[in-house]
Amino acid sequence: MHLYNLTVQTPTAITHAVVGNFSGARQQELVLSRGTRLELARLDPQTGKLSTVIASDVFGSIRSLAAFRLTGGSKDYAIVGSDSGRIVIFEYDPQTSSFVKIHQETYGKSGSRRIVSGQYLATDPKGRAVMISAMEKTKLVYILNRDAAARLTISSPLEAHKANAIIHHVVGLDVGFENPTFAALEVDYTESDQDTTGEAFSNAQKMLTYYELDLGLNHVVRKWSEPTDPRANLLVQVPGGQAASSDRYDGPSGVLVCCEDHIVYRNMDAPQHRVPIPRRNYPFQDDERGLIITAAVMHKMKGAFFFLLQSEEGDLYKVTIEHEEQEVKALKIKYFDTVPVASSLCIMKSGFLFVAAEFGNHHLYQFLKLGDEDEEREHSSTDYPSFGMADPNVPLPRALFRPHVLENLALVDELESLNPIIDCKVLNLLPNAGTPQTFAACGRGSRSTFRTLRYGLEADEAINVDLRGIPTSVWTTKLKEDDQFDAYIVLSFIYGTLVLSVGETITDAEDSGFLTTSPTIAVQQIGVDGLLQVHPHGIRHILPDKRVNEWQAPPEKMIVNATTNKRQVVVALNSGELVYFELDLEGQLNEYQDRRAMGSTILSLSVAEVPEGRQRTPYLAVGCEDQTVRIISLDPENTLEVISLQALTAPPSSVCIAEILDASLNRAQPTTFVNIGLQNGVLLRTVLDPLNGQLTDTRSRFLGTRPVKLIRVVLHGNPAVLALSSRTWLNYTYQNMMHFIPLIYENLESAWTFSAELVPNGFIGVSRSVLRIFHITKLGSKLKQDVIPLDNTPRKFVAHPANGYFYLIESDHRAYSASAAEQELERLRATGKEFDKEILDLPQREFGRPKAPAGIWSSCIRIIDPVEGRTVRVVELDNNEAAFSIAAVPFAARDNVLHLVVGTAQDTFLSPRSCTSGFLRTYKFVEDGRGLELLHKTEVDDVPLAILGFQGRLAAGVGKSLRLYDIGKKKLLRKVENKNFPSTIVTLNTQGSRLLVGDMQESIHFAVYKPPENRLIIFADDTQPRWITTTTMLDYNTVVAGDRFGNIFVNRLDPKVSDQIDDDPVGAGIMHEKGILMGAPHKTSLLAHFHVGDIITSLHKLSMVTGAREVIVYTGLHGTIGVLVPFISKEDVDFISTLEQHMRTEQLSLVGRDHLAWRGYYVPVKAVVDGDLCEMFSRLLPHRQSVIAGELDRTVGEVLKKLEQLRVMAIGF
Amino acid sequence: MSRKQRQTRPLTMSSELRYTANTQLEHLHARYTGTGHADLTKYEWLTHQHRDTLSSIVGHPPLTSYLAIADGEAVGRVKFEMTERMLQPCGPPPKKDD
């Protein structure tokens, strides 16, 4: 087995975001780290939309990201710390629109290690130095400078190590132009490692340490070290230094130390200021719990600055410092607004706040005000004795606030994010969708969602009108060449033509000059201000003064086909003759003296648009019934001569010449493509050589079951091709690369570009008798998402095989369920205390719920109708039970009627895992599956993490034991048990009498059930420990699984062993076999292994395209969706693996990670080719492309074709 | 403190090491925290393992997300608690018997 990995949806989580002027222009951009990808996003301040400019796979794990600017520079550089053991400085090059690596310095081993730097990055605000730090001990300082040619230089590293110290955070201090200084939060463990009494541990001090880089001596000294709050977790830079123009200080310098419940201002030789972090005044919550700041951003404005700090609940606090020169007078904090909990916050100068959410959609807000004049209470350090530091060990009295709906911020844009995908199913449930849809349970806590994903471009419908007749074709046309908007819509019916005029409304046009008594074949705005209509009996050239020049078709002959552009018209007669017209300089349409007979019925014609500044386009494509497409010259020297010919497998229903930019073929100018749609639904795309008219590089794909109709359109000012079959496809350029994506929209019979004041970049289409006007806004996103909100974190779901509903379990740790919250309120009412009720009425979706102590759960079972996209019913679990597993089980003892079994546990603690009791709840489906009726609850001794229907019974993995249950009247009845699993059972799969059991730490075990003796026997396991997250059987002996470290692997059992086990009737033989390596008597062998870099949460085996081979679809926690495609031939394997080898040597990783090492992070990569790397071939420079293609004995076109073919065969686009 | 340890040459078991093996080993242990030695106690080994694991969890964003989802906590909180736990992941050291 050999697999080809393709990522369909790259991770959508944002782990870091930094803002800066990366392109060097005035505009600010964001560099986003998506875990294993880097992206540059730009904000359009007019529309307030964020759009991705470029994205690049780094083949490594990004751990930190920072931006800096050299003194006096206007361009920001980005530094990235990763698991490559290298520090990389890169910039964005707007010319080539790519990230360019400037420096890459190796300092240590690769991998996320304890003492290898990369975890924290801190830059000097003046851009003179950067500190890169590990979790423990290691801190390296690099000096940044520029050389004589104003290029950025980097020094060799200076060490600022401190042995035996755990580092919590580092930050660059703002010291103006004094020596660059960094602050670190460190804890020394030397003493607590020695002290057996534990006293040293409880007295361990967290030190705030300043490291000064002495630029004169070129070394780093520890300048100052003072203990701070032992629960400090984050440092924030405070502005300092003198302004260049005046002697005024920008700020007091120093740091804000964010601790649990407090914020402390610290600086060397300066008094401390401390304020409490206000917390929500919930009537009940876990009062033991402190509140920490998890994200922070500082913003400098003219002469002022402020901080926005975000707590772990999502509340933003505005922190300000009152200072006189360098002396701090007061530290103030007040509640600002509530946004999703962020992994990074970025404030842009144009007045926007970007919130890169740790889970769920990312948000972009606009500042409405800065909270200066509201009634929110401000807490100042001057309110407390000695600025809150009277006794640093005693917490300040708690400050409270009530969160409010957004007052200071307004949401302007959302970036959709699947992160985290917790469970997923790929099924074809929606009517007439063609390809399977992905149903993903996403999100965390009260912001969770259930999303239906469809691959394709989303079309937004503007208008639809029923015409009461069925048009065959539709066109739009302007009146003059330089008109911005269309004036007429022309609809052709079988016996006539309807002309509508477009203005503020769409009305019947009178006096348009068009012939309405006959059908229309083509419509064109021709010359400067003429209109042209081709109908079966002639051509009408309508002049602006409504005079009509008419060309009559020869007697007994009819026009069957036509193609037009601004200056040329070609018509085909039913006799198989071509007639060619060209506009002369006076604007007269002249017929070329000869007609040319093609010797076959002409089915389709196409000419390209006239190139800028030219008289004509030299080539005409003609599709004939004899299954050929001919390229015919329109050049005056050899007019109507056949230049080249392409044989086809079916008659061409449509041809279309379009010039579209595709950087993989030619990055300088658009390539001329001849698209040929066949009657069998196949589309061929060939490249027309502009010099000699030859057709090369033919690629084909299957579009649908109907004959293909091709229409050249304009999409956001660029040429594109619409292909209509049983689905509608769009072929367009996005970020310089060509894409061919299905539209998620009604099937269309005919379509055209449409441009009007209200719909400037639209399309018009006809589906049966309905006229539809629509537009496509998001060209970048190939996934259309429909969202159903959920209340708690989804865990797992199952599909009912008959009624198509989904049954989803949700459970949230540290959350009060509705009934528990009510009980708490009852208790409070009983005590008679007054409390704020309104806070509980705030929408939970935005604000979350009060945090409960560990061991309190909120959980429910939700029935979802995926077709309607709504929740049908929610069944809440009581008694602090939380659901962990779900299965639809047909019990043989109940005539194979499906029952829903939900595995729950009461009072569950996670670490170490414990519960007062586990339960298997058995439900009967009522009301056709719209409701559930609890039959009974069966007590079990541990958390049932995996359950499955097995041969008319229930197989349950409860802790270390696997059991089979049968249904009884009062309970499920335990029939057989095997307690010999190493840690905890997390997944179950079955085929026949075989059960595949995934263990939490010890990989997959093969077990068999032998009914005669009623035995469950483990007969095979794995040689490697694997922390299984999900498994799927590929066949009876083969299993694919994902583990917690981001690997996918395939294990196979020897078929001989398999037969031997199946032939043993009672399993006595297996029972007495000797175990190997303290495990089962047989071992599976590893077939394939691949590191994805995202934790795999689900695996499916299915075919993504109708009629295509089956592939493995996987989803990752951070929002990755990918496929593993099996190769069919040995040649393909050799070819693609060799290509991969060559691509590896190109060193494309922006973080400097070795590709082979990354894909073999934990176990060497085996039998999997990384398609994401191979597809980067199309982005290489042309000469590198040809070198690699030469090594492979192919042309560049052949390599690209092979790559595209692999993609299209696997996922359809 | 910054002038020490500028040595970048890889250490091989060459003849010179035979005479300086002890000092070199000590040097290695000082340089590469977490490296084991013959007299390592179970407690020390376990503490190293835990610290390595905890820092690896903090260093892999998907793993912190995974734990945060399971526990109903913010990612920032998970990172913080993991880093805090690195101080003494396996409780106080056992009392010496002698």
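Residues numbered from 1 in each chain as written. Chains lettered and ligands numbered in written order. Predicted model: local features only at pLDDT ≥ 70, side-chain atom pairs only at ≥ 80, totals over all residues. Heavy atoms only, no water.

S.K.: Honestly, the overall build of chain A in this entry has me stumped. Any pointers?
M.R.: Helices and strands together make up the secondary structure of chain A, namely 12 helices and 92 strands. Taken over the C-alpha trace, chain A has a radius of gyration of 34 Å; the compact-globule value for 1213 residues is 33 Å, and the two agree within 12%. Projecting the C-alpha coordinates of chain A onto the three principal axes gives extents of approximately 110 × 95 × 65 Å. For chain A, the residues scored as buried account for 61% of the 1213 residues in total. In chain A, the proportion of contacts linking residues at least 24 apart, taken out of those at least 6 apart, comes to 56%. As displayed, chain A offers around 46800 Å² of accessible surface, 48% of which is attributable to carbon and sulfur atoms. Taken as two groups, the 123 positive and 146 negative side-chain charges of chain A have centres that lie 4 Å from each other. (Helix = DSSP H or I, 4+ residues; strand = E, 2+ residues; numbered from the N terminus. Rg over C-alpha atoms; globule rule 2.2 N^0.38 Å. Buried < 20%, exposed > 50% of the residue type's maximum accessible area, 1.4 Å probe, protein only. Contact = heavy atoms within 4.5 Å. Areas by Shrake-Rupley, 256 points an atom, 1.4 Å probe, with all protein chains shown as cover. Lys, Arg positive; Asp, Glu negative; His and termini not counted. Charge placed at Lys NZ, Arg CZ, Asp CG, Glu CD.)

S.K.: Would you explain the pairing of strand β65 (residues 762-767) of chain A in this entry?
M.R.: Residue and element names in this part refer to chain A. With 6 of 6 residues buried, β65 lies mostly within the body of the structure. Along β65, one buried face is formed by Gly-762, Ile-764 and Val-766 and the opposite face, lined by Phe-763, Gly-765 and Ser-767, is buried too. The sheet contact formed by strand β64 (residues 750-754) and β65 spans 5 bridges and is antiparallel. The partner of Ser-750 across the bridge, within β65, is Val-766. Judged from the 6 bridges that link them, β65 and strand β66 (residues 770-775) form a sheet pairing that is antiparallel. When the bridges of β66 are listed, Gly-762 appears paired with His-775. (Pairing = 2+ DSSP bridges.)

S.K.: When you look at the side chain of Asp1172(A) in this model, what are you seeing that I'm missing?
M.R.: The residue Asp1172(A) is located in helix α10 (residues 1171-1175) in this model. No salt bridge is formed by the buried Asp1172(A); the nearest opposite charge belongs to Arg1159(A), separated by 4.1 Å. (Salt bridge = Lys/Arg side-chain N within 4 Å of Asp/Glu carboxyl O.)

S.K.: What is the right way to read the interface of chain B and chain A from this model?
M.R.: Interface size is often expressed as the accessible area that is lost when the parts come together. Chain B puts 46 residues into the contact, and the matching count from chain A is 68 residues. For the pairing of chain B and chain A, the buried interface totals around 4700 Å² over both sides, and the portion due to carbon and sulfur atoms is 55%. Where chain B meets chain A, there are 10 salt bridges. A salt bridge links Arg231(A) to Glu84(B), with the nearest nitrogen and oxygen atoms 3.3 Å apart. On inspection of chain B and its partner chain A, the count reaches 24 residue pairs in polar contact (both at pLDDT 80 or more). Residue assignment for the side of chain B that touches chain A shows that the elements contributing at least two residues are α1 (15-31), α2 (42-59), α3 (61-71) and α4 (75-85) of chain B. Looking at side-chain class alone, the side of chain B that touches chain A contains 20 nonpolar, 15 polar and 11 charged residues. (Buried area = accessible area lost by both parts, 1.4 Å probe. Polar contact = N/O pair within 3.5 Å; in protein donor to acceptor, adjacent residues only side chain to side chain. Nonpolar A, V, L, I, M, F, W, Y, C, P; charged D, E, K, R; others polar.)

S.K.: Is there a simple way to think about the sheet that holds strand β8 (residues 86-93) of chain A in this case?
M.R.: In any sheet, the strands associate via hydrogen bonds between backbone groups, in a parallel or an antiparallel arrangement. Residues and elements named next belong to chain A. Across the sheet, which stays open at both edges, the 4 strands sit in the order β6-β7-β8-β9 with antiparallel pairing between neighbours. Looking along the sheet, the strands with just one partner apiece sit at the ends: β6 (62-68) and β9 (98-106). Across this sheet, the average inter-strand angle for adjacent strands is 25°, counted without regard to direction. Sheet topology note: the β6/strand β7 (residues 77-82) ladder contains 6 bridges and is antiparallel. Residue Ser-64 lies in a different strand from β7, and its bridge partner there is Gly-81. (Axes fitted to C-alpha atoms, helices over the stretch in contact; angles between N-to-C directions.)

S.K.: Mind showing me how you'd approach the pairing of strand β84 (residues 1028-1035) of chain A here?
M.R.: On a regular strand, one side chain projects to one face of the sheet and the next to the other, so that they alternate. Residues and elements named next belong to chain A. With 7 of 8 residues buried, β84 is to be regarded as a mostly interior element. Relative to strand β85 (residues 1038-1043), β84 is paired through 6 bridges, and the arrangement is antiparallel. Looking across to β85, one finds that Thr-1030 is bridged to Gly-1042. The loop that links β84 with its antiparallel partner β85 comprises 2 residues.

S.K.: It is not clear to me how the domain arrangement of chain A should be interpreted in this structure. Could you clarify?
M.R.: Domains assigned within chain A are domain 1 (420-456 + 786-979) and domain 2 (1127-1211). Here the C-alpha centre of domain 2 of chain A lies 43 Å away from the C-alpha centre of domain 1 of chain A. (Domains from an automatic or database assignment.)

S.K.: So what exactly am I meant to see when it comes to the packing of α2(B) against α3(B) here?
M.R.: Residue and element names in this part refer to chain B. With their axes 5 Å apart at the nearest point, α2 and α3 run at an angle of 95° to one another. Classified by the interaxial angle, the pair formed by α2 and α3 is roughly perpendicular. On α3, the residues touching Ile-57, Val-58 and Gly-59 of α2 are Pro-61, Leu-63, Thr-64 and Leu-67. Of the residues in the contact of α2 with α3, the class split is 5 nonpolar, 2 polar and no charged. (Parallel < 35°, antiparallel > 145°, perpendicular 65-115°, else oblique.)

S.K.: Would you mind showing me how to read the nonpolar core here?
M.R.: Among soluble globular proteins, nonpolar side chains are generally buried collectively. All names here are of chain A. Among the nonpolar cores identified, the biggest contains 78 residues, and Tyr-4, Leu-730, Ile-1136, Leu-1139 and Phe-1177 are the most heavily contacted of them. Looking at which element gives the most residues to this core, the answer is helix α12 (residues 1196-1211), with 6 residues. Structurally, this core is a two-domain feature, drawing no fewer than three residues from each of domain 1 (420-456 + 786-979) and domain 2 (1127-1211). If we ignore the near neighbours within four places in the chain, the residues touching Leu-730 are Leu-457, Val-713, Leu-715, Ala-720, Val-721, Leu-722, His-739, Phe-740, Ile-741, Leu-743 and Ile-776. Counting residues in hydrophobic clusters, the runner-up holds 35 residues, among them Ala-122, Leu-158, Leu-213 and Phe-359. (Core = buried A, V, L, I, M, F, W, Y, C linked by side-chain atoms within 4.5 Å.)

S.K.: Would you mind showing me how to read the UniProt feature "domain: RSE1/DDB1/CPSF1 C-terminal" (unreviewed entry) in chain A here?
M.R.: Mapped onto the present numbering, the UniProt feature "domain: RSE1/DDB1/CPSF1 C-terminal" (unreviewed entry) falls at residues 859-1178 of chain A. Taken as a whole, residues 859-1178 of chain A contains 12% helix and 50% strand, while its terminal C-alpha atoms sit 48 Å from one another. (UniProt positions renumbered as here; feature names shortened; annotations may be inferred.)

S.K.: Got a minute to help me understand unusual backbone geometry in this structure?
M.R.: With the exception of glycine, most residues fall at negative phi, and the peptide bonds are largely trans. All names here are of chain A. The residue after Asn-419, namely Pro-420, is reached through a cis peptide bond having omega -5°. When you line up the elements, Pro-420 lands in the loop between β33 (409-415) and β34 (421-427). Here the residue pair Ser-911 and Pro-912 is connected by a cis peptide bond, since its omega of -5° sits within 30 degrees of zero. Structurally, Pro-912 is set in the loop between β73 (897-906) and β74 (917-926). Here the phi dihedral of Asp-895 falls at roughly 55°; this positive angle occurs in a residue that is not glycine. Position of Asp-895 among the secondary structure elements: in the loop between β72 (881-891) and β73. A relative accessible area of 70% places Asp-895 in the exposed class.

S.K.: Explain the packing of aromatic side chains to me, please; I cannot follow it from the model alone.
M.R.: Each aromatic ring pair is characterised by the separation of its centres together with the angle its planes make. Residues and elements named next belong to chain A. Inspection of every chain in the model, using the stated rule, returns 28 aromatic pairs over all chains. Here Tyr-210 and Trp-224 contribute two aromatic rings whose centre-to-centre distance is 4.8 Å and whose plane-to-plane angle is 65°, an arrangement assigned as edge-to-face. Remark: Trp-224 occurs in strand β18 (residues 219-228) and Tyr-210 occurs in strand β17 (residues 206-214); sequence separation between them is 14 residues. The interplanar angle of 75° and the centroid separation of 5.1 Å between the aromatic rings of Phe-797 and Phe-806 together place this pair among those described as edge-to-face. Through successive ring pairs, a cluster of aromatic residues spans Trp-1027, Phe-1045, Trp-1158, Tyr-1161 and Tyr-1162. (Phe/Tyr/Trp six-rings, centres within 6.5 Å; stacked < 30°, edge-to-face > 60°.)

S.K.: How should I be thinking about the sheet that holds strand β81 (residues 994-999) of chain A in this particular structure?
M.R.: All names here are of chain A. Strand order in the open sheet formed by 5 strands is β80-β81-β82-β83-β87, with mixed pairing between adjacent strands. Of all strands in the sheet, those with a lone pairing partner are β80 (985-991) and β87 (1082-1083), marking the two edges. The pairing of strand β82 (residues 1004-1010) with strand β83 (residues 1015-1021) spans 5 bridges and is classified as antiparallel. What sits directly across from Ala-1007, in β83, is Ile-1018.

S.K.: Could you clarify how one ought to interpret the environment of Arg616(A) in this entry?
M.R.: Residues and elements named next belong to chain A. The topology assignment puts Arg-616 in the loop between β52 (602-607) and β53 (619-624). Residues Arg-616 and Ser-600, spaced 16 residues apart in sequence, show a C-alpha to C-alpha distance of 26 Å. Beyond its immediate stretch of four places on either side in the chain, Arg-616 contacts Gln-568, Tyr-580, Glu-582, Val-610, Pro-611, Leu-634 and Pro-636. A distance of 2.9 Å separates a polar atom in the side chain of Arg-616 from a polar atom in the side chain of Glu-582.

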